Amino acid sequence: MNELEFYLLFFVLPLLLIWLIYGFRQNQKHRRAVRQLNQAKEHGLGEPATLHPVIDPNRCLGCGTCVKACPEGEILGLINRKAVLIEPTACIGHGACMDACPGKAISLVFGSATRGVEIPIVSRDFETSVPGIYIAGELGGMGLIRNAIVQGQKAIEAIAKNRPKKSNTKYDLAIIGAGAAGLSASLAAKEKKINAITLEQDTVGGTIAHYPRGKVVMTQPAKLPLAGKFQFRETSKEELIDYFHGVLRDFPLNIKTGVHVEEITKIPEGFAILTNKGKLRVSQILLAMGRRGTPRKLDVPGEELPKVVYRLADPDQYIGKHVLVVGGGDSALEAAVAIAESPRTHVVLSYRSAAFSRAKEKNRQRIAECEKRGNLRVMLESTVVRIDSDSVTINKNDKHESIPNDAVIICAGGILPTPFLKKIGIQVEEKFGTA
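In short, a report on the structure. Fair warning: this is a prediction, and the values are worked out from it, not measured in the lab.

**Description of the packing of aromatic side chains**
- In the structure shown here, the tally under the stated rule is two aromatic pairs.
- With a centroid separation of 6.2 Å and 50° between ring planes, the pair formed by Y243 and F244 is classed as tilted.
- According to the relative accessible area criterion, F244 is buried, its value standing at 2%.
- Considering the side-chain rings of Y351 and F356, the 5.6 Å spacing of their centres and the 20° angle between planes classify their relative orientation as stacked.
- Across from the ring centre of F271, 5.0 Å away, lies the NZ or CZ of K266, which sits over that ring.

**Observations regarding the pattern of salt bridges**
- Throughout the structure, instances matching the rule amount to six salt bridges.
- Measuring nitrogen to oxygen at the nearest pair gives 3.9 Å for the salt bridge that ties R366 to E341. Here the residue R366 occupies a position in helix α8 (residues 361-373), and E341 occupies one in the loop between α7 (330-340) and β20 (346-351), the gap between them amounting to 25 residues.
- Using a relative accessible area of 32% as the deciding quantity, one classes R366 as partly exposed.
- The partly exposed category is assigned to E341, whose relative accessible area is 49%.

**As for the sheet that holds strand β23 (residues 391-396)**
- One open sheet accounts for three strands, arranged β22-β23-β24; its pairing is antiparallel. The two strands at the open ends of the sheet, each matched to only one other strand, are β22 (382-387) and β24 (399-404). Averaged over all pairs of adjacent strands, the angle between strand axes in this sheet comes to 30°, irrespective of strand direction.
- Relative to β23, β22 runs antiparallel, the two being bridged by five bridges. Within the sheet, the bridge partner assigned to S382 lies in β23 and is K396.

**Considerations on the side chain of H52**
- Within the element layout of this structure, H52 appears in strand β1 (residues 52-55).
- Using a relative accessible area of 5% as the deciding quantity, one classes H52 as buried.
- Discounting chain neighbours no more than four positions away, the residues touching H52 are L85, C91, S107, L108, V109, F110 and G111.

Analysis parameters
Residues numbered from 1 in each chain as written. Predicted model: local features only at pLDDT ≥ 70, side-chain atom pairs only at ≥ 80, totals over all residues. Heavy atoms only, no water. Phe/Tyr/Trp six-rings, centres within 6.5 Å; stacked < 30°, edge-to-face > 60°. Buried < 20%, exposed > 50% of the residue type's maximum accessible area, 1.4 Å probe, protein only. Lys NZ or Arg CZ within 6 Å of the ring centre and 35° of its normal. Salt bridge = Lys/Arg side-chain N within 4 Å of Asp/Glu carboxyl O. Helix = DSSP H or I, 4+ residues; strand = E, 2+ residues; numbered from the N terminus. Pairing = 2+ DSSP bridges. Axes fitted to C-alpha atoms, helices over the stretch in contact; angles between N-to-C directions. Contact = heavy atoms within 4.5 Å.

Structure (C-alpha cells):
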C-alpha cells in the first residue's frame, strides 16, 4: 500500500463516511420538521397563543441547541439548517431556547404579523397605567409556572416599596387570583408582613386546577417565598396542586375561594372591590388572574341546571352516565377521551365546525380511536339547542335530535378579561409580533 492509498483509506474515507452520516441525519431532521410544520398549518395550529420565540435566520448557527433545550418536546425544528417554530400553539414561551442559543438569534415576542395578542401595559415594576394596580403572571402574558412565580414575587417587592405609610383600609393589598403567580405573591406578602387578602373565583391553583385529572404539567425548578425551592420538571396536575396545598398548611394565608370580583373603583384611600360575596376596601391591588377570564357560555335554555359545568374535574364521577362534551379545542377533546375511557360511560362530543382544526394531532388521534372502539360519538357541525334534566337537544344538518343525558361539560373557552381591565382604566396594547 503506497502513501496515497494509506491516506485515503485511514483519513479521507472515515471523514467522508462521517460527513455522509451527518448529512443523512440532518436531512431526516429537516424532513421531520417540515412535516410537523405543514401539519400544524393544515390543522389551523400555525399561530402561537402567547409569548413565543422569533428566530433571526441571519444569526442562527443551525446548531440545534435551541431544539434540544426546549423541555416541551419538538416545538422548534431545523429547516434548511435554520431553527424554526414548528409547533406554534404548543409553545408556552418559557424562553429556554433563547437562553441556550449561542448565536443570540432568538427573541421572545407576543402575537404575530397576522394575529394580535392583547396585553396590559405595565411598567418595569409591574404597575399598570392605574397607579396602585399591578399585574403578574398569565394575565400579563407569562403562562409558564416558573415565570409566574418569579413575577408574583417581584411585583410584591415593588408593591412593598410603594405602599402608603398610613392606610385607612381594612387590607393593604388584595391579590386577585390564587394560581402560581397569586400564591407566590401571597407568600411574598406574608414574608414582608403586608396585610393582604387573596381572592380566587374558583379553587387554589387557578388555571392548573382546571386541567383534566392526570394531565402532565411541565415546569422548571423555582423558589417560592417562605417555602423555598421545588424541583418539579414534569409532574401531574394532582401532584402540583397537592404541593401547593402542603405549602398552605405550612404557611397559612388569607385566601378566599369562590369569590368573583365584579367591579373595581378608585376611592381616595385606595380601591373599592365589589365581589359576589360583598365589598372590601384596599390600598393596592395585584391582578394575578388567568387570561381565560369567565367561561364562555352557550346561552341556551337549561344551561343553568346543576349538571352543567365548564371544566372536567374527575372523569370517575361520570362512570355509568350519559355525558355531552361541547367544544373543539384540546380541553374539550381531552375531557371527552378521559370520560370515554371510564367504564360504562356514553359520551357525545359536539362541535360547531366541520373539523377539530384547533386541537393537537395526538388529541385528534385519541378521539378517532375512541370513536372507532365505540366509546365515543362525534357530532361535527352541530349545536346545542336546549338542555333538559334528563336529555339534551342537538341541531345537526337542520334536524333536532334528543339524546339521553346526565351531565354536560362545556369547553368553549373563556372570555378574555380585557373589557374588565379597560373599565378599571388599565391601558391594553395589542401586540403583533413584538416584545
